[in-house]
Amino acid sequence: MKSATPKVLHDLCGRSLVGHVLAASGELEPENLVVVVGHAREQVAAHLADIAPEARTAVQAEQNGTGHAVRMGLEELGGSVDGTVVVVCGDTPLLTGETLRRLSATHSADGNAVTVLTAEVPDATGYGRIVRDEVSGAVTAIVEHKDASDGQRAIREINSGVFAFDGRLLAEALKRVRTDNSQGEEYLTDVLGILREAGHRVGASVAGDHREIAGINNRVQLSQARRILNDRLLTAAMLSGVTVIDPATTWVDVSVTFEQDVVVHPGTQLHGSTHLAEGCEVGPNSRLTDTRVGAGARVDNTVASGAEVGAEATVGPYAYLRPGSRLGRKGKIGTYVETKNASIGEGTKVPHLSYVGDATIGDFSNIGAASVFVNYDGQDKHHTTVGSHCKTGSDNMFVAPVTVGDGAYTAAGSVITKDVPPGSLAVARGQQRNIEGWVARKRPGSAAAKAAEEAVRGSAEEG
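Asks: Before we go on, may I ask you to explain the overall build of the chain in this structure?
Replies: Across its full length, the chain holds ten helices and 38 strands. For the chain, the C-alpha radius of gyration of 33 Å lies well beyond 23 Å, the compact-globule estimate for 463 residues. Relative to its full complement of 463 residues, the chain shows a buried share of 43%. Considering only residue pairs separated by 6 or more positions, the chain has 36% of its internal contacts joining residues 24 or more positions apart. Summing over all exposed atoms, the chain offers an accessible surface of approximately 22,900 Å²; the carbon and sulfur share of this is 49%. Positive and negative side-chain charges in the chain, numbering 44 and 56 respectively, have mean positions lying 7 Å apart.

Asks: How should I be thinking about the pattern of salt bridges in this particular structure?
Replies: Two side chains carrying opposite charge are able to pair once their charged atoms lie near each other. Under the criterion given, the structure shown has 17 salt bridges. When the shortest N-O distance is used, the salt bridge between R211 and D209 registers 3.0 Å. The exposure class assigned to R211 is partly exposed, which follows from its relative accessible area of 39%. Through salt bridges that share partners, E312, R329 and E346 make up one connected network.

Asks: Please clarify how the packing of aromatic side chains should be interpreted in this entry.
Replies: Inspection of every chain in the model, using the stated rule, returns three aromatic pairs. Plain terms: the ring middles of Y318 and Y336 are 5.5 Å apart, the flat faces sit at 15 degrees to each other, and that makes the pair stacked. In this pair, Y318 is assigned in the loop between β23 (314-315) and β24 (319-321) and Y336 in the loop between β26 (332-335) and β27 (338-344), connecting sequence segments 18 residues apart. Judged by relative accessible area, which is 46%, Y318 ranks as partly exposed. Measuring from centroid to centroid gives 4.9 Å for F373 and F398, while their planes differ by 35 degrees, and the two rings are tilted. Of this pair, F373 sits in strand β31 (residues 372-374) while F398 is found in strand β34 (residues 397-399), placing the two residues 25 residues apart along the sequence. A relative accessible area of 0% places F373 in the buried class. Above the face of the Y376 ring, K381 is positioned so that its terminal group lies 5.8 Å from the ring centre.

Asks: I'm lost on the packing of helix α3 (residues 66-76) against helix α6 (residues 167-174) in this one. Help?
Replies: At a minimum axis separation of 10 Å, α3 and α6 run at an interaxial angle of 125 degrees. Considered as vectors, α3 and α6 are oriented oblique to each other. Seen from above, α3 lies across α6 with left-handed handedness. Side by side, α3 and α6 meet where G67, V70, R71 and L74 of the first sit next to L170, A171 and L174 of the second. Class assignment for the residues of the contact of α3 with α6 results in five nonpolar, one polar and one charged.

Asks: What should I look at first to understand the packing of helix α1 (residues 17-26) against helix α2 (residues 41-51) in this one?
Replies: When two helices pack together, their arrangement is captured by the angle between the axes and the distance separating the axes. At a closest axis distance of 11 Å, the pairing of α1 and α2 adopts a crossing angle of 45 degrees. As the angle between them shows, α1 and α2 are arranged oblique. Relative to α2, α1 is oriented so that their crossing is right-handed. Residues V18, G19 and L22 of α1 form the contact with α2, whose participating residues are H47, L48 and I51. Tallied by class, the residues present in the contact of α1 with α2 amount to four nonpolar, two polar and no charged.

About the thresholds
Residues numbered from 1 in each chain as written. Predicted model: local features only at pLDDT ≥ 70, side-chain atom pairs only at ≥ 80, totals over all residues. Heavy atoms only, no water. Helix = DSSP H or I, 4+ residues; strand = E, 2+ residues; numbered from the N terminus. Rg over C-alpha atoms; globule rule 2.2 N^0.38 Å. Buried < 20%, exposed > 50% of the residue type's maximum accessible area, 1.4 Å probe, protein only. Contact = heavy atoms within 4.5 Å. Areas by Shrake-Rupley, 256 points an atom, 1.4 Å probe, with all protein chains shown as cover. Lys, Arg positive; Asp, Glu negative; His and termini not counted. Charge placed at Lys NZ, Arg CZ, Asp CG, Glu CD. Salt bridge = Lys/Arg side-chain N within 4 Å of Asp/Glu carboxyl O. Phe/Tyr/Trp six-rings, centres within 6.5 Å; stacked < 30°, edge-to-face > 60°. Lys NZ or Arg CZ within 6 Å of the ring centre and 35° of its normal. Axes fitted to C-alpha atoms, helices over the stretch in contact; angles between N-to-C directions. Parallel < 35°, antiparallel > 145°, perpendicular 65-115°, else oblique. Left-handed = near helix turned anticlockwise from the far one by under 90°. Nonpolar A, V, L, I, M, F, W, Y, C, P; charged D, E, K, R; others polar.

What follows is the structure, encoded as structure tokens:
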């Protein structure tokens, strides 16, 4: 990956690679869930503690192959377990719980000692090949690409690296795995031959979509997997009643949820725990993270994080809703408006060119254009409260802490530093003073002076 971030911690649609594998594995409801960690294990273990506290970790101090890794995993469980052991790779984020359930069901139904998940792929380069008995079709071996003959390399059915084992037989077979191969490693795939030679049944379950087993080894493959998973997520959303105008330019995380009749316009990104309620529209060109959009609301060309937009409200275009922003039903946050830690009531409008931070605004008020809620004194943040049914003038500064009572008005250009009683008009600006002839005296011969002289002359002639 050429990155300071361990491969399995790279993000894919809002979840790490290993997080996707854990989510799929969790659908089996396993009695034990063990993750074998090696490279950058401190970072990986810390991540696992956050996303899957039920998972146990086993340390593979030296990376001596897949068989060795599984041995380390079994040692975490006492060396051997009864029942089925399913082994998956930590870098296969497209694997689904449904495919794992099918693998486990096949393993149990057929009474296999081991069942390998396979797939037929267009290009098998780099993968272990599945070698079958020509008569029965049973799996006789898995041959790694480096060790395969030319004839074996022509096989298109590959090993996914995902297996279901009889736990007791797996533990015994791992003791007999050798390292006389091109890598000098313990191959987990050798267990199949060992069990077959001992007279046990080796079977296979073929994945319905070969892309599910794709491993991620570089950022090109990561981007390809992101496209596949994103298409999968959008397809599910559309089949549930969501209109996605342009899936090619719409990106969603696995944790995003939708209700029916949502419309998502082009260029939209939806991340984290974002939820879009029935009949709302988002986009174009919007990025919402951990944001809830109410039924029938409209969000246009907006960036929002940790925000809540009420039903039938409108936001944008070109708005920025920072964490703690809450807009009430039928409210409006308009063009070039930024909000942060602000509760804006039902039917209240902040239409243009304003900043509302650390504030509470009541219902059905109107905040004039170019208003700023001055919340920071250089050391501490302070709160502003504007009541319901207020009308504040354009170019107002509300210097917190300050309260504007219900039904109050403030004049344009005012700097509000004192509380405004309910129903009052606050005017806080200097008296205008006109100094006549200033331009002629201070800027003689300038274009402005000549224009003023002509205007005065014209007025005199008209008079």
